[in-house]
Amino acid sequence: MARLNWALERFPLLKRVRQSASTVWAISSLFLFIDTFIYSLTVANLPDILQSQMHVSQSSNGVITTMFGIGGVIGALASGMPSDRLGFRWPFQLTAAVLYIVAGTVFYFSQHYYQLLLFRLINGMASGVACSMLYTTVGDVYPADLLGFKVAIVYFCNNIAYTIGPICGQRLFELHGVRGTASIVITFGIVEVVLLLTVGEESLTIRRSLSACAKATESPALKSSTINTLSPQSSSADDVSHKGALVPDSATMGFVHGCPSISSGEEDSAVRMPVWRLLTQLPVLVSTLSIFVATCIQCTLEALVPLHLSDYFNRSDSTGITFVIFGLALTILVPLIGKANDRLIEKYGDHMRFHVMLFGSLATIAAILVMALANSYALMMIGYVLLALTNLCMYVPAQSAYGELVNCTETNAMAQSCSISVIAWAVGAIAMPPIGSALYALSGFTKPIIGLSASTCIVCAAACLIYPVRKLLGKQ
C-alpha cells in the first residue's frame, strides 16, 4: 500500500485515472465483455468436444450448462451480501479475475468429462462474482438519472462479446483445439488482474470521496433544500482532479440534486435489507421471475440449437454463425428496447415495465413456434432474431427494477440487489437445459422446446399481470 501511495504521488495522472468514475465504468464494461466472451467462446465447441472427442451422450450438453449455472449461484451468493456487509468491492473483483485464470488452466489440461465439468463450475463462479460486482460498482458511482445510459453501454459490450465469441471459439478450436481456447481464457484473466492492480480503485472509496466533494461545491441554499432528500446510495461525477477534488460541471450538480450521498460514517448506519426481504417486494419478485424464464429459454436453446442444426438441417458448420446472428440482433436491439422502455415509463408510469415484460413473455412463445416449426434454416433464424427481441423485452425492464428499488429506499443493498439478477440468471441456466437435453434425446427439438417455453412464459405472463391488475383494482 505504501508503494502504491508513493506511485500515485509521483504520477498524478494515474491517481486521477484511478479515482475517476469513468474508469469504474470502463473497467466494468470491459470485464463484462471478457466474462461473456469467455462464456460464449466454448458454447459452439462443446458438442464437438463432448460427442466427437469424449464420446459422451448428447444429454451431457445440458449438464455442462448446468454446472456453469451452479457456479454462478455460488459466486453471486458469496459476493453480494458479504460485499455490502464488509464495505468493499475490489477484492471480490480480483478474486473473479484469479478464478478465470484457474478455470482456464483446468480447461487447458482437460482430457476427461469431469474436467470439463470442473472448468464450467469454476468459470461460473468467476462469472457470478464478476457480474455482481461490475453492476454494483457502476451503481456505486453514478446517480439514477445517468445509470440507465451507463448500464446500457455495459450491456452493449456484453452483446458484442456474445456476437463474436462463438465464431472466434470455433476458429480457435479448429486451429489449436481445446488448448487454444483455454489460452485465451487464461490471458483474459491475467489482463483483468493487471488492470485491477494498476488502474482499479475501490468504488466505495471513490463514492465517498466524490460525495464529499459534491457537498463542498454545493451552495448553502442548495444544500438546505436537498439535505432531506439524500439517501445512502451515493454517486459521483466522471472526473476527479489529481488532488481528489471533484471537477464541478453540469453533471456534478445533477449528482447533488438527484443522487444520494454517503459519508464514511453513514455507510454503516444505512438500513440493511436481507435478500429474502428484497425478494418479497413485488417488483423485484416479478423481475426475478422474468430474468429466470428468459435465461431458461436462452440457455436451453444454446444447448439444443447446435444439435438441431446437425440432426435436422445437416448444418453443423453453421453453429458459430447462428450464434453470431443472434448476438448481432441483441447488440442492435438493446439500445432501442432500453430507450423505448424508458420512454414508456416516463410517459405512463412505472407499471409500464410490467406491460413490456408481459409482451415479451407472450411474444417469446410466438418466436419459439417459428423456430420449432421452421422447415428451413433461414426461417429458423428469423425466429431466433425475434427471440432476441422478446428476450430483451423480458430482461431490460426487469434489470432496472433492482437498482430503482435501492435508489428509492434507504438501504445498503446495492451488491445484494445486483446479485439477485445474477442468481436468477444462474438458476435459469441450471434448471432447464438438462431437461431440454434429455427431452431432445427422446423427442427431438420441436415438442420439448415448445412445451418448456410455453409453460414457463405463461407463468411469467401471469405474474406480470399482478401489479397492473392490483393497481387497476385499487383505483376502482
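Rules of the game
Residues numbered from 1 in each chain as written. Predicted model: local features only at pLDDT ≥ 70, side-chain atom pairs only at ≥ 80, totals over all residues. Heavy atoms only, no water. Helix = DSSP H or I, 4+ residues; strand = E, 2+ residues; numbered from the N terminus. Buried < 20%, exposed > 50% of the residue type's maximum accessible area, 1.4 Å probe, protein only. Contact = heavy atoms within 4.5 Å. Areas by Shrake-Rupley, 256 points an atom, 1.4 Å probe, with all protein chains shown as cover. Axes fitted to C-alpha atoms, helices over the stretch in contact; angles between N-to-C directions. Parallel < 35°, antiparallel > 145°, perpendicular 65-115°, else oblique. Left-handed = near helix turned anticlockwise from the far one by under 90°. Nonpolar A, V, L, I, M, F, W, Y, C, P; charged D, E, K, R; others polar. 1 Å grid on protein atoms, 1.4 Å probe; cavity = no way out; pocket = protein on both sides within 12 Å on 5 of 7 lines; lining within 4 Å. Points joined across faces, edges and corners; volume = space filled by probe spheres on them. Patch = residues over 30% accessible without salt bridge, like charges linked within 9 Å, V, L, I, M, F, W, Y side chains within 5 Å. Salt bridge = Lys/Arg side-chain N within 4 Å of Asp/Glu carboxyl O. Core = buried A, V, L, I, M, F, W, Y, C linked by side-chain atoms within 4.5 Å. pLDDT = per-residue confidence, 0-100. Expected span 1.5 Å × (residues − 1).

The next thing to look at is the overall build of the protein. Looking only at helices and strands, the protein has 19 helices and zero strands in total. Burial statistics for the protein: of 476 residues in total, 57% are counted as buried. A sequence separation of at least 24 residues applies to 85% of the contacts in the protein between residues at least 6 apart. For the protein, the accessible area works out to roughly 19300 Å², and carbon and sulfur atoms hold 67% of it.

Moving on: the packing of helix α3 (residues 21-41) against helix α7 (residues 113-141). Packed helix pairs are specified by the crossing angle of their axes together with the interaxial distance, meaning the distance between the axes. The geometry of α3 relative to α7 is characterised by a closest axis approach of 9 Å and an angle of 155 degrees between their N-to-C directions. Relative to α7, α3 is oriented roughly antiparallel. Both α3 and α7 take part in a crossing whose hand is left-handed. Contact with α3, carried on its side by Ala21, Val24, Trp25, Ser28, Phe31, Leu32, Asp35, Ile38 and Tyr39, involves Arg120, Asn123, Ser127, Cys131, Leu134, Tyr135, Thr137, Val138 and Val141 of α7 and no other residues of that element. Considered class by class, the residues forming the contact of α3 with α7 number 12 nonpolar, four polar and two charged.

A few words on empty space enclosed by the protein. Taken as a whole, this structure holds five cavities of 30 Å³ or more when the rule is applied. Quantified by volume, the largest cavity comes out at close to 550 Å³. If you trace the largest cavity, you find 30 residues lining it, with Thr36, Asn158, Gln298, Tyr395 and Trp425 closest to the centre. Contributions of two or more residues to the lining of the largest cavity are made by α3, α5 (60-86), α7, α8 (144-198), α14 (282-311), α15 (319-348), α17 (377-408) and α18 (414-443).

On the surface, a nonpolar cluster with roughly 210 Å² of combined accessible area is contributed by Ile164, Ile167 and Ile321. Here Ile167 shows up in helix α8.

Attention now moves to the pattern of salt bridges. In the structure shown here, the tally under the stated rule is one salt bridge. Glu174 is paired through a salt bridge with Arg171; the nearest N and O atoms lie 3.6 Å apart. On the criterion of helical spacing, the pair formed by Glu174 and Arg171 is a turn pair, its members being three residues apart in helix α8.

Moving on, we come to the nonpolar core. In this structure, Tyr135, Leu301, Met380, Tyr384 and Leu387 are the most contacted members of the largest nonpolar core, which totals 77 residues. Once residues lying within four places of it in the same chain are set aside, the contact partners of Tyr135 are Leu32, Val154, Tyr155 and Cys418. Ranked by size, the runner-up nonpolar core spans 41 residues in total, among them Ile27, Ile64, Ala126 and Phe173.

Right, let's get into the confidence of the model for the protein. Low-pLDDT stretches of the model should not have their predicted coordinates read in fine detail. Averaged over the protein, the pLDDT score is 76; the fraction of residues at 70 or greater is 77%. At the low end of the mean pLDDT range in the protein sits helix α11 (residues 250-258), at 37; at the high end sits helix α16 (residues 352-373), at 92. Contacts from residues 221-269, a stretch scored under 50 in pLDDT, to residues over four places away or in other chains number 118 contacts.

This brings us to the environment of Leu282. In this fold, Leu282 is placed in helix α14. Here Leu282 falls in the buried class, since its relative accessible area comes to 16%. Ignoring anything within four residues of it in the chain, the contact list for Leu282 reads Ile466, Tyr467 and Arg470.

If you check α3, its first and last C-alpha atoms are 30 Å apart, about what 21 residues at 1.5 Å a residue would give, namely 30 Å. Burial analysis of α3 places 18 of its 21 residues in the buried class, the great majority of the element.

Now for the packing of α14 against α15. Between α14 and α15, the shortest axis-to-axis distance is 10 Å and the interhelical angle comes to 145 degrees. Handedness of the crossing formed by α14 with α15: right-handed. Facing Gln298, Glu302, Val305, Pro306 and Leu309 of α14, the residues of α15 in contact are Thr319, Thr322, Phe323 and Phe326. A breakdown of the residues in the contact of α14 with α15 according to their chemical character gives five nonpolar, three polar and one charged.

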